[in-house]
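Residue-level listing of the chains:
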Amino acid sequence: MSCVLVVGGGGREHALAWALSRSPHVGRLLVAPGNPGTAALDRTENVATSTGDVAGLVALCRRESVDLAVIGPEDPLAAGIVDALASAGVAAFGPSATCARLEASKAYCKRFLIDNGIPTAAAEVFGDPGAALAHLASRPDVPVVKASGLAAGKGVIVPETEAEAAGAVKAMLTERRFGSAGEQILLEERLWGREVSVLAFCDGERFAALPPAQDHKRLRAGDEGPNTGGMGAFTPSPATDDRLIDQIGRQVIAPTLAALGRAGTPYRGLLYAGLMITDDGPKVIEFNCRFGDPETQAVIRLLRSDLFEVMAACATGSLGGVTVEWAPVASVAIVMASAGYPVAASDPVPISGVVEAEQQGCVVFHAGTGIIDGALHATGGRVLAVTATGPDVAAASARAYRGVAAIGFPGAQHRADIGRTSAGVRP
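Computed from a predicted model, the values in this text were never measured in an experiment.

A. Examining the overall build of the protein more closely. Looking only at helices and strands, one finds 14 helices and 23 strands in the protein. For the protein, the spread of C-alpha atoms along the three principal axes comes to 60 × 50 × 40 Å. The buried share of the protein, reckoned over its 427 residues, is 56%. Within the protein, contacts between residues at least 6 apart in sequence are counted, and of these 67% link residues at least 24 apart. With the model as given, the accessible surface of the protein reaches about 16600 Å², and the carbon-plus-sulfur share is 49%.

B. Representation of the pattern of salt bridges. In the structure shown here, the tally under the stated rule is 18 salt bridges. Here D203 ties to R206 by a salt bridge, and the two come within 2.8 Å at their closest N and O atoms. What makes D203 buried here is its relative accessible area of 2%. Across the pair K217 and D215 runs a salt bridge whose closest N-O atoms are separated by 3.3 Å. Its relative accessible area of 27% is what places K217 among the partly exposed residues. By sharing partners, the salt bridges in this structure join R28, E45, R63 and E64 into a single network.

C. Broad picture of unusual backbone geometry. Of note, the bond from D293 into P294 is cis; its omega dihedral lies within 30 degrees of zero at 20°. As for its placement among the helices and strands, P294 is situated in the loop between strand 17 (281-288) and helix 11 (295-299). Following Y341, the chain continues into P342 via a peptide bond in cis, with omega recorded as 0°. Mapping P342 onto the fold places it in the loop between strand 18 (330-337) and strand 19 (349-350). In this structure, S65 is a non-glycine residue whose phi angle is positive, near 55°. Counting through the fold element by element, S65 comes out in the loop between helix 3 (54-64) and strand 4 (68-71).

D. Structural view of the layout of surface pockets. Considering only enclosed or pocket space, the second largest pocket measures out at about 470 Å³ in volume. Contributing to the lining of the second largest pocket are 18 residues, with K154, V156, I157, P226 and N227 lying nearest its centre. Elements that contribute at least two residues to the lining of the second largest pocket include exactly strand 8 (156-157), helix 9 (162-174) and strand 14 (224-227). Looking at the lining of the second largest pocket element by element, the count peaks at 5 residues for helix 9. For the lining of the second largest pocket, the per-class residue count stands at 11 nonpolar, 2 polar and 5 charged.

E. Representation of empty space enclosed by the protein in the model. All chains considered together, the criterion is met by 2 cavities of 30 Å³ or more. There is about 60 Å³ of room inside the largest cavity. Taken together, L102, K106, C109, K110, L113, K146, L186, E188, I285, E286 and F287 make up the full set of residues lining the largest cavity. Counting residues per element, the ones that place at least two in the lining of the largest cavity are helix 7 (106-115), strand 9 (185-188) and strand 17.

F. Summary view of the sheet that holds strand 20 (residues 363-366). With respect to topology, 5 strands assemble into an open sheet ordered 12-15-18-23-20, the strand pairing being antiparallel. Looking at the sheet topology across the chains shown, the edges are occupied by strand 12 (214-215) and strand 20. The pairing of strand 18 with strand 23 (residues 382-390) spans 8 bridges and is antiparallel. In the sheet register, I334 faces strand 23, and the bridge partner there is V386. With respect to the sheet, helix 14 (residues 393-406) is in contact with strand 15 (232-235), strand 18 and strand 23, its orientation differing from that of strand 18 by roughly 30°.

G. The packing of helix 6 (residues 97-104) against helix 7, seen in detail. Running from N to C, helix 6 and helix 7 point in directions that differ by 100°, and their axes come no closer than 6 Å. As summarised for this structure, helix 6 and helix 7 are arranged roughly perpendicular, according to the angle between their axes. Contacts between helix 6 and helix 7 involve T98, R101, L102, E103 and A104 on the former and, on the latter, K106, Y108, C109, R111 and F112. In the contact of helix 6 with helix 7, the residues fall into 5 nonpolar, 1 polar and 4 charged.

H. The sheet that holds strand 7 (residues 144-147), seen in detail. The antiparallel open sheet is built from 4 strands, whose spatial order is 6-9-7-8. Here the strands that pair on one side only, and so sit at the sheet edges, are strand 6 (123-126) and strand 8. As paired strands, strand 7 and strand 8 are joined by 2 bridges and run antiparallel to one another. Its bridge partner being in strand 8, V145 is matched across the sheet by I157. Taken strand by strand, helix 7 contacts strand 6, strand 7, strand 8 and strand 9, and its axis lies near 50° from that of strand 9. Contacting strand 6, strand 7, strand 8 and strand 9, helix 9 runs over the sheet at an angle of about 10° to strand 7.

I. The nonpolar core, seen in detail. Of all hydrophobic cores here, the largest spans 40 residues; its most connected members are L20, V70, F201, F291, I300, L307 and M311. Those elements that place two or more of their residues in this core are strand 1 (2-8), helix 1 (11-20), strand 2 (26-33), strand 4, strand 10 (194-203), strand 16 (268-278), helix 12 (307-315) and strand 20. By residue number, the principal contributor to this core is helix 12, which donates 7 residues. The next biggest cluster of nonpolar side chains, apart from the first, holds 27 residues, and it includes C99, C202, I248 and L257.

Rules and cut-offs
Position numbers for residues count from 1 along each chain, tracking the sequence in the order it is written. Totals for whole chains, interfaces and linings use all residues, but because this is a predicted model, local features are given only for residues with pLDDT of at least 70 and pairs of side-chain atoms are given and counted only at 80 or more. Calculation of side-chain values draws on the structure's entire complement of heavy atoms; hydrogens and water are dropped beforehand. Strands are runs of DSSP state E lasting at least 2 residues, helices are runs of H or I lasting at least 4, and numbering of each runs from the N terminus. Throughout this description, buried means an accessible area under 20% of the type-specific maximum (1.4 Å probe, protein chains only), exposed means over 50%, and partly exposed covers the range between. By the convention used here, residues are in contact when the closest approach between their heavy atoms is within 4.5 Å. Note on areas: Shrake-Rupley, 1.4 Å probe, and residue coverage restricted to the protein chains presented here. Salt bridges are defined as contacts in which a side-chain nitrogen from Lys or Arg sits within 4 Å of a carboxyl oxygen from Asp or Glu. In this analysis a 1.4 Å probe is tested at points of a 1 Å grid over the protein atoms alone, and where it fits but cannot get out there is a cavity; an open set with protein on both sides within 12 Å along at least five of seven lines is a pocket; lining residues have an atom within 4 Å of a point. Grid points are joined across faces, edges and corners, and a volume is the space filled by probe spheres set on the points. Any residue that is not Ala, Val, Leu, Ile, Met, Phe, Trp, Tyr, Cys, Pro, Asp, Glu, Lys or Arg is counted as polar, Gly included; the first ten are nonpolar and the last four charged. Only strands that DSSP links by at least two bridges are regarded as paired with each other. Structural elements are reduced to axes, namely lines fitted to C-alpha atoms, with helices fitted over the stretch in contact, and the angle between N-to-C directions of any two is expressed from 0 to 180 degrees. What sets the label is the angle itself: under 35 degrees gives roughly parallel, over 145 gives roughly antiparallel, 65 to 115 gives roughly perpendicular, and the rest give oblique. As used in this record, nonpolar core signifies buried Ala, Val, Leu, Ile, Met, Phe, Trp, Tyr and Cys residues forming a set joined through side-chain atoms within 4.5 Å.

Keep in mind that these numbers describe shape and distance, not what the molecule does.
Now the structure itself:
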């Protein structure tokens, strides 16, 4: 029986811990720092070590004889936690710091994509606000404005006018709204089409694609309002079929792994390709080097294989010996967020109805929650992800929304169209 550590404390990590806790190979599961949802899992213990404490996490692995560390968030990956664990003799599911630059630096990623002939949007990189604004004024189109560094999913602005784009440039390069993450920015061609996320388990050479998911980034129904970390997701995505997934594998995932392998830095872990399906085919919008949130909460519900076996095979370069199977049904995840999200923090408020939602057939994954005076409270921006499965997206969505209706906390907000409009059912 193995001891496994999951690093992180959000909804994604709760979903991964939920799946790992069901493995007969896992005798003990640690989550650092975890949340009230992970604390309630069988054979699971939260550990008060932060995700940014690389030395502390390595020491924890040594002290507790951890057999496999699963790294959830992007920041410790960029900080080199996998390299530090490797030096300590601990297997890890996650890429090295060199590979994690594909997410940590959008400027680096853009050069990597272009150099390796992987389809993507054209872009220019700037560090000087004057040069960026001059370039913006010379363009016939309105580009997407992206902070190059890690900005917690909020560093991408999709303006509709040149004035809005100029405001985004000034906010990043002059006002330093995103701190060091915005020291460089990209002005990138806006792609049109349908967005889809394709995630793949990778062992350095081989990969196994997860069911394609469709994320909803905007705060309000109909894709209105500001960008968020994600307000919901569903799978399978109607934007893809087996032929398209095969094309993405050949044109995006495989050449990425091959290029990194040639460089002597094999990619082991989860590679997340955010893509736009354009009239010219799939193009990469961004790479993430870890599971997405809330895509993970939706997709993980469909995994039939043992997640521990899959992750251990990726970490050891032996994915070819594992069969990765998925249930042929649909899954929907609906995020419930606090009143001020994504603009301002909200005071903690009590949550009710989680048990009742689970009685509706939902699995509720915790993100921004905490225990105050013995009761569950909403303490963060994205609070819960209510998930459900069904024979199709419409059925899964209907069940998930019944779960959402059972849960209450002051100021709660959620989108009313997750899995509905794309399934042909409007709220």
